[in-house]
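Structural overview for review
Take a look at the letters that make up each chain.
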Amino acid sequence: APSVGLVGWRGMVGSVLMQRMVEEHDFTKINPVFFSTSNAGGPVPELEGVDTSETLEDAHDIETLAKLPIILTTQGGDYTNDVYPKLRAAGWDGIWIDAASTLRMDDESIIVLDPVNRDQIDAGLKNGVNQFVGGNCTVSLMTLGLGGLLRNGLVEWGTAMTYQAASGGGARHMRELLKGFGTLHDVVADELKDSNSAILELDKKVIEAQRNGSMDVTEFGAPLAGSLIPWIDSDLGNGMSREDWKGMAETNKILGRTGDNFMPLESVTVRIGALRSHSQALTMKLTKDIPLDEIEDMLDNDNDWVKFVPNTKEASVEQLTPVAVTGTMDIPVGRVRKLSMGPEYISAFTVGDQLLWGAAEPVRRMLMIATG
Ligand code: HSE
């Protein structure tokens, strides 16, 4: 079995990755070498199929890393920035698989989302490409959900309004959101026991708690519980957030659309109080008038994970929410209808688990392709 260096397996995305690798019996297909940035010499994780007589290697030890034909990291962008150039400078020509954004838009990288761009990945492997990077979570989830239209080149332009979960920021962000919910509940707990208490009194106490500095906003910079934050990632200075920009740049890269073929896909990316599933509402102009039932079939049949949800209240409320999707590999897509602007205009709403298909799964599958 091929040896694979694993870095960042203890973090949130890494933990989800390990869980998926156990579920898919991946450890029977590779020889994992676990690295740590802080605990070299310590025990490797006890996972089904993993030889626990080994110990952790030092994730900054270039010589040890360079012995491996494949390295997969979910350690984050700072680690990639630090270690990756040193590894290449040391002459390493192995395959680097990374969940961080650092190398994503590099010309030498392929953004991996094999149900959508397997041909790009296969051609890359054949041609000696050795940087394979998981896409931004919103991009991967949207591209999988709308694969039926995007892969057939049927979208002339689109906009995505996102509803992104706290997990996209990280584990601490999830905790901050949950603490925030707790604070809000605490300030009105007594009044809630009395179903006749004046609702405007509760409302007043909640907004006071959100405004008086009593809530922890270390991670998000503003209270998220009971509110939203219409900006994700850094300010590019041109009216776009980095997350807005990724939506267009990465999607086009995954689809191999450049130059005249570049697809305008604008976003307004918004953080909401969901825990780990990202949602997005899309408006699209199609390249032609396609009957709605054909659109539905194309969406539903594009890949094994997308699930078309009929555009009814009942189905949408039941199947098209973060609560329905979290912890599953499903990418439901629904709220599809023709819009009043004209027969080529449609809406759609899609949801996906930000840690599974949004982060861990594309790189896990790339690992299996590279070792297969
Ligand atoms: N930038 C994304 C977010 C997560 O903050 O939700 C990483 O892809």
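Residues numbered from 1 in each chain as written. Predicted model: local features only at pLDDT ≥ 70, side-chain atom pairs only at ≥ 80, totals over all residues. Heavy atoms only, no water.

- An unreviewed UniProt entry lists the protein chain under the name Aspartate-semialdehyde dehydrogenase, with Yaniella flava given as the organism.

**Looking at the layout of surface pockets**
- Empty space within the largest pocket amounts to approximately 1,200 Å³.
- As for the largest pocket, its lining consists of 44 residues, of which V13, G76, G77, G168 and G169 are closest to the centre.
- For the lining of the largest pocket, the secondary structure elements donating two or more residues are α1 (12-23), β2 (31-36), α3 (77-89), α7 (171-193), α9 (242-255) and α13 (356-371).
- By residue class, the composition of the lining of the largest pocket is 13 nonpolar, 21 polar and 10 charged.
- Put simply, the second largest pocket is a space of about 170 Å³.
- If you go around the second largest pocket, you meet 13 residues; those closest to its centre are N31, P32, V33, D51 and E54.
- When residues of the lining of the second largest pocket are assigned to their parent elements, the largest contribution, four residues, is made by β2.
- Across the lining of the second largest pocket, the residue classes tally to seven nonpolar, three polar and three charged. (1 Å grid on protein atoms, 1.4 Å probe; cavity = no way out; pocket = protein on both sides within 12 Å on 5 of 7 lines; lining within 4 Å. Points joined across faces, edges and corners; volume = space filled by probe spheres on them. Helix = DSSP H or I, 4+ residues; strand = E, 2+ residues; numbered from the N terminus. Nonpolar A, V, L, I, M, F, W, Y, C, P; charged D, E, K, R; others polar.)

**Thoughts on the pairing of strand β4 (residues 70-73)**
- Here β4 shows a buried face lined by I70 and L72 and a second buried face lined by I71 and T73.
- Relative to β4, strand β1 (residues 3-7) runs parallel, the two being bridged by four bridges. Each bridged residue has a counterpart across the sheet, and for L6 the counterpart in β4 is L72.
- Both β4 and strand β5 (residues 95-98) contribute to a ladder of four bridges, which runs parallel. (Buried < 20%, exposed > 50% of the residue type's maximum accessible area, 1.4 Å probe, protein only. Pairing = 2+ DSSP bridges.)

**Let's talk about the sheet that holds β5**
- Taken in spatial order, the seven strands line up as β3-β2-β1-β4-β5-β7-β6 in an open sheet, and their pairing is parallel. Each edge of the open sheet carries a strand with a single partner, namely β3 (57-58) and β6 (109-112).
- When β2 meets β3, the two strands line up parallel, connected through two bridges. Of the residues in β3, the one forming a bridge with F35 is E57.
- Each of β1, β4, β5 and β7 (131-134) touches α3; the most contacted strand, β5, lies at about 175° to it.
- Docked against the sheet, helix α4 (residues 114-126) engages β5, β6 and β7, running at close to 150° with respect to β6. (Contact = heavy atoms within 4.5 Å. Axes fitted to C-alpha atoms, helices over the stretch in contact; angles between N-to-C directions.)

**With respect to the sheet that holds strand β8 (residues 155-163)**
- An order of β9-β8-β10-β13-β12-β11 is seen for the six strands of this open sheet, with the pairing classed as mixed. Only two strands of the sheet have a single partner each, and these edge strands are β9 (265-268) and β11 (306-308). Taking each pair of neighbouring strands and ignoring which way they run, the sheet shows an average axis angle of 25°.
- As paired elements, strand β10 (residues 277-286) and strand β13 (residues 345-353) share nine bridges and run antiparallel to each other. When the sheet's bridge partners are listed, H278 is paired in β13 with G352.

**Comments concerning the nonpolar core**
- Grouped together as the largest cluster of nonpolar side chains are 63 residues, with contacts concentrated most on F34, I97, L146, L149, M284 and L367.
- The leading source of residues in this core is α13, at eight residues.
- Dropping the residues within four chain positions of it, F34 is found in contact with L6, W9, M18, F27, V44, P45, L47, V50, T55, L56 and E57.
- Formed by 15 residues, the second largest nonpolar core is a distinct cluster that contains F35, L65, I71 and W96. (Core = buried A, V, L, I, M, F, W, Y, C linked by side-chain atoms within 4.5 Å.)

**Details of the UniProt feature "domain: Semialdehyde dehydrogenase NAD-binding" (unreviewed entry) in the protein chain**
- The sites that carry the UniProt feature "domain: Semialdehyde dehydrogenase NAD-binding" (unreviewed entry) are, in the present numbering, residues 3-124.
- This span, residues 3-124, is 33% helix and 20% strand, and a straight line between its end C-alpha atoms measures 21 Å. (UniProt positions renumbered as here; feature names shortened; annotations may be inferred.)

**A few points about helix α8 (residues 199-211)**
- Over its 13 residues, α8 extends 18 Å from the first C-alpha to the last, a length consistent with the 18 Å expected when each residue adds 1.5 Å.
- Every buried residue of α8 is accounted for by L202, A209 and Q210. The buried residues of α8 occupy an angular sector of 100° when projected down its axis, which confines them to one face. For α8, exposure combined with an orientation more than 90 degrees from the buried face picks out L200 and R211.
- Looking at the buried side of α8, the elements it contacts are α7.
- Of the residues trailing α8, G213 is marked for its positive phi of about 80°. (Expected span 1.5 Å × (residues − 1). Arc of directions from axis to C-beta.)

**Focus on a nonpolar patch on the surface**
- A cluster of nonpolar side chains, namely M105, L236 and W245, defines an oily patch on the protein surface of about 220 Å² accessible area.
- Among the secondary structure elements, M105 is positioned in the loop between β5 and β6.
- For M105, a relative accessible area of 32% translates into the label partly exposed. (Patch = residues over 30% accessible without salt bridge, like charges linked within 9 Å, V, L, I, M, F, W, Y side chains within 5 Å. Areas by Shrake-Rupley, 256 points an atom, 1.4 Å probe, with all protein chains shown as cover. Salt bridge = Lys/Arg side-chain N within 4 Å of Asp/Glu carboxyl O.)

**Concerning the pattern of salt bridges**
- Per the stated rule, a full pass over the model turns up 20 salt bridges.
- Between K285 and E156 there is a salt bridge; the shortest N-O distance is 3.4 Å. Taken as a pair, K285 in strand β10 and E156 in strand β8 lie far apart in primary sequence, 129 residues in all.
- On the accessibility criterion, E156 (35% relative accessible area) is partly exposed.
- E219 is paired through a salt bridge with R172; the nearest N and O atoms lie 3.0 Å apart. With E219 in the loop between α8 and α9 and R172 in helix α7, the pair connects residues that are 47 residues apart, well separated along the chain.
- The exposure class assigned to R172 is exposed, which follows from its relative accessible area of 58%.
- Counted as one network, the salt bridges with shared partners bring together R20, E23, E24, D26, K29, E361 and R364.

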